Amino acid sequence: MQEEKLNKLYFECIQELENIGINIQNEKIIGTIDIKISARNNKRYGCCKQENPDKKYKVIQKIGHRKIIKYEKFNTHHIEISKWVMQLNDNIIKNTIIHELIHCIPFCNNHGSEFKKYAKYINKKLGYNITTKGNKEADYLASNLEFKEENNYKYKIICQNCGQIIYRKRFNKNLINSYKCGKCGGKLKLT
Ligand SMILES: [Zn+2]
Ligand SMILES: [Zn+2]
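Report on the accompanying structure.

About the thresholds
- Residues numbered from 1 in each chain as written.
- Chains lettered and ligands numbered in written order.
- Predicted model: local features only at pLDDT ≥ 70, side-chain atom pairs only at ≥ 80, totals over all residues.
- Core = buried A, V, L, I, M, F, W, Y, C linked by C-beta atoms within 7 Å.
- Buried ≥ 20, exposed ≤ 12 C-beta atoms within 10 Å, placed from the backbone.
- Helix = DSSP H or I, 4+ residues; strand = E, 2+ residues; numbered from the N terminus.
- Contact = placed C-beta atoms within 7 Å.
- Pairing = 2+ DSSP bridges.
- Axes fitted to C-alpha atoms, helices over the stretch in contact; angles between N-to-C directions.

## What about the nonpolar core?
In terms of nonpolar packing, the biggest core is built from 23 residues, with Cys13, Ile97, Ile98, Leu101 and Ile102 touching the most fellow members. Among the secondary structure elements, those contributing two or more residues to this core are helix H1 (2-19), strand E5 (74-81), helix H3 (90-103) and helix H4 (113-126). Broken down by element, the residue count for this core peaks at six residues, all from H3. When near neighbours in sequence (up to four residues on either side) are disregarded, Ile98 contacts Cys13, Ile122, Tyr128 and Ile130.

Written out as structure tokens, the structure is:
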């Protein structure tokens, strides 16, 4: 069911991009793409796993004394859309699909200037809101779904004294003993 919906939206995205001159199905330039719903429940919206780098697009980046080999073009792309995204509005799902499709274009494997150029053009022409980071709270709201705070946070910490629950995006687990509950000064525990 969900896979069918994803495929339908995926082909709509491809068609819309073609209408504004971006041909994602040009295998010579883009390579091949497959798309599926991620098996694991990820925090992120989606991802694009790149394979088969094009040797002609090799760049050597120097960072101090170190050399890093990078490729600006890949010939195989595996897009995964996170399960939780599939419950959102169709246009938000498509926003996520197009974000990942941009990553399939040469020189767009990261969120650099080339990626941003495409995102800006697509947003302007097709009315999407492709950004480098999504806004989960806004996307849940726009989909008339309840946004639970814990959806957005990685760590749940509980005060062992008063039971207060604290959510944190970043948290140093090694320092748990030196932190205290802001309400009662009690000891905290990571759950
Ligand atoms: Zn991205
Ligand atoms: Zn407390």
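## Comments concerning the pairing of strand E3 (residues 58-63)
Counting buried residues in E3 gives zero out of six residues, a small share hidden from the surface. Relative to strand E4 (residues 66-71), E3 is paired through six bridges, and the arrangement is antiparallel. From the neighbouring strand, Lys58 faces E4, where its bridge partner is Tyr71. Between E3 and E4, which pair antiparallel and follow one another directly, the connecting turn spans two residues, one of which, Gly64, has a positive phi of 65°.

## Re the sheet that holds strand E6 (residues 155-159)
Spatially, the three strands line up as an open sheet ordered E7-E6-E8, and their pairing is antiparallel. At either end of the open sheet lies a strand with only one pairing partner, and these are strand E7 (165-168) and strand E8 (188-190). On average, each strand axis in the sheet is inclined to that of its neighbour by 30°, with strand direction left out of account. Taken together, the three bridges between E6 and E8 define a ladder with antiparallel strand orientation. Bridge pairing links Ile157 to Leu190 in E8.

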